[in-house]
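The residues making up each chain are set out below.
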Amino acid sequence: MRQRGIALVAGCVVLLAASCTAADSNPTPPPPPPMHPAPGAASAGDPYYPDDGNGGYDALDYHVDVGYDPASGRLDGDTTVTVKATQDLNRLSFDLRGLDVRSVEVEGKPATFAREKGVKLLVTPAEPLRSGGTFRVRVRYDGDPAKTPHGGGSENGWQRSKDGGAYMVGEPHSAAFWYPVNETPRDKATFSVTAHVPDGWTVLSNGREQGSNSAGGKTTTSWAEPNPVASYLTTIAIGKFTVDRMTLPDGTPIVNAYAPDSSGHGEPSIRLPEIIAFLASKFGPYPQSAAGGIFLNEDIHFSLETQGRPTYAKWAELLTVVHETAHQWFGDSVSLNSWSDICVNECIASYAQWLWAEAKDNQNLDDRYRAAVEIFGNSTEFWASKLVDMGAGHEFQGVYGKGILAIHALRRKIGEDAFTRVLRAWPAEHRHANASWADFEALVSRTSGQDLRAFFDDWFRGTKKPADENLYPGALKG
């Protein structure tokens, strides 16, 4: 019995030791650090538009669920924004213009909310949000978005279309007219739409079609854009569209939608695969999940590169399609960091029209350049437009004219090989991200191996006709 007792005791010792080892390998986690919650900033920090955007979080995804009645113009919205807190938050804000907010929930719990300046939606969650955590904010709202004031120009706001439907395009302000958003290009996120409209109406948006069904006199359609998108490049169009579908050779879907009496757009849209193939030969593989266009019968003064599916005014022609498609690399996949960086979008998309004319129409671009310089040589107004750091409200004044000449001069300054490598490297290095004009200058200088500070100062920051060595570099000297 004694030996047996010893064995039992030894066994207990072994079991206890094993228990201790198991306990030590799974220690109780330490309590989380204390929180220091504070309101997120009500601005993204772009000095050109200091009221735009918000801080304290990173928007990861938007799912916008809207019902729209073309007869009354009423929109009923139910948007869920998935955010990642970048600080401990006791309040966060979104941009939302005009519409009436009915309720807000954070992680399924009711949150209090208030409006500020007619633009901001301030949300106070029931409990503070810890930095690093991912949270869902659901906002229900309604109203007539066409009644929301807008600034004119390229801020088009929500508009009723000629066929009784509606469309949404605008730059820099667009998304906040129809859903709560962190309205800054710096905070790109994935995006999807589910829209409910009366039978007989068609809804177009970004990305790929997810399906459509009808029930109870309503048609529900869903679209999803899996690539991050800057908010001003999201869109919705509701109309009596004729829709054509095809694919690129790699299977990428193309969806073209034509408003009634917009048949003049047929030839440019049919050539879209050719346009994409040409631009891919210059810029690298097509970066978007889908392609196509929304061809309106509206006399707005601009078309817009809404991601994967640009929106075209009634006057848009082939070169407009080339321009907006070029933006799918320059502006959409690689988005600006601040609005002062707009030239890297617009100057190169505009120059893509020259590249097309050179390849397809055998135009001599050096001759075209010299002729333009001759025409504008003594125009102080033409040369006065800065292409970088141009100031709020002046972003689009020089980029479509002087900007084209500046890019051609740059091409001749650094040589064909370096220029070709720059056009391909920019979309590859910053794919689906943000980058600044300073980043672009650095890439060009690094690729060319040249000190280009004087050239960039003369052409892009200057307000006078460039000096002859920069006006006629390389082959342009002849």
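As named in an unreviewed UniProt entry, the chain is Aminopeptidase N, taken from Amycolatopsis samaneae. A UniProt comment under Sequence similarities (unreviewed entry) is attached to the chain, and it reads "Belongs to the peptidase M1 family." Under the UniProt heading Cofactor (unreviewed entry), the note attached to the chain is "Zn(2+)".

Visitor: Got a minute to help me understand helix H3 (residues 272-283) in this structure?
Guide: It helps to recall that an α-helix has 3.6 residues per turn; residues three or four apart then point in one direction. End to end, H3 covers 16 Å across 12 residues, agreeing with the expected 16 Å (1.5 Å per residue, within 8%). All of the buried residues along H3 are Leu-272, Ile-275, Ile-276, Phe-278, Leu-279, Ala-280 and Phe-283. Residues of H3 that are buried in the fold lie against strand S18 (253-258), helix H2 (266-270), strand S19 (291-295), helix H4 (318-326), helix H5 (343-360) and helix H9 (416-429). At the C-terminal side of H3, Gly-284 shows a positive phi close to 105°.

Visitor: Help me out: how do you make sense of unusual backbone geometry in this one?
Guide: Most peptide bonds are trans, and most residues other than glycine sit at a negative phi. Following Glu-171, the chain continues into Pro-172 via a peptide bond in cis, with omega recorded as 10°. Along the chain, the position of Pro-172 falls in the loop between strand S11 (166-168) and strand S12 (189-198). Phi is positive for Glu-107, which is not a glycine, with a value near 50°. Here Glu-107 lies in the loop between strand S5 (100-106) and strand S6 (109-110). One non-glycine residue, Lys-117, lies in the positive phi region at around 60°. When you line up the elements, Lys-117 lands in the loop between strand S7 (112-116) and strand S8 (120-124). Judged by relative accessible area, which is 63%, Lys-117 ranks as exposed.

Visitor: Any chance you could explain the environment of Asp-261 here in plain terms?
Guide: Topologically, Asp-261 is positioned in the loop between S18 and H2. Look at Asp-261 and you get exposed, because its relative accessible area is 71%. C-alpha of Asp-261 to C-alpha of Ala-433: the two residues are 172 residues apart in sequence and 38 Å apart in space.

Visitor: Could you clarify how one ought to interpret the state of the cysteines in this entry?
Guide: One covalent bond between the sulfur atoms of two cysteine residues makes up a disulfide. All chains considered together, the criterion is met by 1 disulfide. Here Cys-343 pairs with Cys-347 through a disulfide, and the sulfurs are 2.1 Å apart. Around the S-S axis, the bridge from Cys-343 to Cys-347 shows a dihedral of about -110° and counts as left-handed. Here Cys-343 and its partner Cys-347 are both found in helix H5, 4 residues apart, which amounts to about one turn of the helix. The exposure classification of Cys-343 matches that of Cys-347, with both residues buried.

Visitor: Please explain the UniProt feature "domain: Peptidase M1 membrane alanine aminopeptidase" (unreviewed entry) in the chain as it appears in this structure.
Guide: Under the UniProt annotation, "domain: Peptidase M1 membrane alanine aminopeptidase" (unreviewed entry) lies at residues 318-459. Structurally, residues 318-459 is divided into 63% helix and 4% strand, and its ends, taken at the C-alpha atoms, are 28 Å apart.

Visitor: What exactly am I supposed to notice about the sheet that holds S11 here?
Guide: Within a beta sheet, neighbouring strands are joined by backbone hydrogen bonds and run either parallel or antiparallel to one another. On the basis of which strands lie adjacent, the open sheet formed by 4 strands has the order S10-S11-S16-S13 and antiparallel pairing. Since the sheet does not close on itself, it has two edges, and those belong to strand S10 (158-160) and strand S13 (202-205), each with one partner. Averaged over all adjacent pairs, the angle separating strand axes in this sheet is 20°, with direction ignored.

Visitor: Please explain the side chain of Thr-235 as it appears in this structure.
Guide: Along the chain, the position of Thr-235 falls in the loop between strand S15 (218-229) and strand S16 (236-239). Taking relative accessible area as the criterion, Thr-235 reaches 1% and is therefore assigned buried.

Visitor: How do you make sense of the sheet that holds strand S14 (residues 208-215) when you look at a structure like this?
Guide: Spatial strand order, S6-S5-S9-S3-S2-S12-S15-S14: 8 strands in an open sheet with mixed pairing. Whereas interior strands pair on both sides, the edge strands pair on one side only; in this sheet they are S6 and S14. When strand S2 (residues 57-69) meets strand S3 (residues 74-85), the two strands line up antiparallel, connected through 12 bridges. What sits directly across from Val-64, in S3, is Thr-79.

Visitor: Looking at this model, I keep getting lost on the pattern of salt bridges. Mind explaining?
Guide: When their charged atoms lie close together, side chains carrying opposite charge are able to pair. Going through the model one piece at a time under the given rule, you end up with 25 salt bridges. With a shortest N-O distance of 3.8 Å, Arg-97 and Glu-183 are connected by a salt bridge. Taken as a pair, Arg-97 in the loop between strand S4 (89-95) and S5 and Glu-183 in the loop between S11 and S12 lie far apart in primary sequence, 86 residues in all. With a relative accessible area of 11%, Arg-97 lands in the buried category. Measuring nitrogen to oxygen at the nearest pair gives 2.9 Å for the salt bridge that ties Arg-271 to Glu-274. Salt bridges sharing common partners tie together Arg-74, Asp-76, Asp-100, Arg-102 and Asp-142.

Visitor: How should I be thinking about the packing of aromatic side chains in this particular structure?
Guide: Where two aromatic rings form a pair, the distance of their centres and the angle of their planes describe that pair. Applying the stated criterion across every chain yields a total of 26 aromatic pairs. Their ring planes at 40° and their centres at 4.8 Å tell us that Trp-437 and Phe-460 sit as a pair that is tilted. Placement of the pair is Trp-437 in helix H10 (residues 437-448) and Phe-460 in helix H11 (residues 453-461), with a sequence separation of 23 residues. In this structure Trp-437 comes out as buried when scored by relative accessible area, which is 3%. Taken together, the ring pairs in this structure connect Tyr-62, Tyr-68, Trp-158, Trp-178, Tyr-179 and Phe-191 into an aromatic cluster. Lying across the ring of Phe-177, Arg-97 places its NZ or CZ 5.5 Å from the centre. We note Lys-240 situated over the ring of Trp-201; from NZ or CZ to the ring centre the distance is 4.2 Å.

Visitor: Where do I start with the environment of Lys-240 in this structure?
Guide: Among the secondary structure elements, Lys-240 is positioned in the loop between S16 and strand S17 (242-247). Taking relative accessible area as the criterion, Lys-240 reaches 37% and is therefore assigned partly exposed. Apart from residues no more than four positions distant in its own chain, Lys-240 is found in contact with Asp-163, Gly-200, Trp-201, Tyr-258 and Pro-260.

Visitor: Mind showing me how you'd approach the pairing of S18 here?
Guide: Working note: regular strand, side chains alternate between the two faces of the sheet. Within S18, 6 of the 6 residues are buried, which leaves it mostly tucked inside the rest of the structure. Of the two faces of S18, both are covered, the one formed by Pro-253, Val-255 and Ala-257 as well as the one formed by Ile-254, Asn-256 and Tyr-258. Bridge analysis of S17 against S18 gives 6 bridges, and the strand direction is antiparallel. Within the sheet, the bridge partner assigned to Arg-245 lies in S18 and is Val-255.

Parameters at a glance
Residues numbered from 1 in each chain as written. Predicted model: local features only at pLDDT ≥ 70, side-chain atom pairs only at ≥ 80, totals over all residues. Heavy atoms only, no water. UniProt positions renumbered as here; feature names shortened; annotations may be inferred. Helix = DSSP H or I, 4+ residues; strand = E, 2+ residues; numbered from the N terminus. Expected span 1.5 Å × (residues − 1). Buried < 20%, exposed > 50% of the residue type's maximum accessible area, 1.4 Å probe, protein only. Contact = heavy atoms within 4.5 Å. Disulfide = S-S within 2.5 Å. Pairing = 2+ DSSP bridges. Axes fitted to C-alpha atoms, helices over the stretch in contact; angles between N-to-C directions. Salt bridge = Lys/Arg side-chain N within 4 Å of Asp/Glu carboxyl O. Phe/Tyr/Trp six-rings, centres within 6.5 Å; stacked < 30°, edge-to-face > 60°. Lys NZ or Arg CZ within 6 Å of the ring centre and 35° of its normal.

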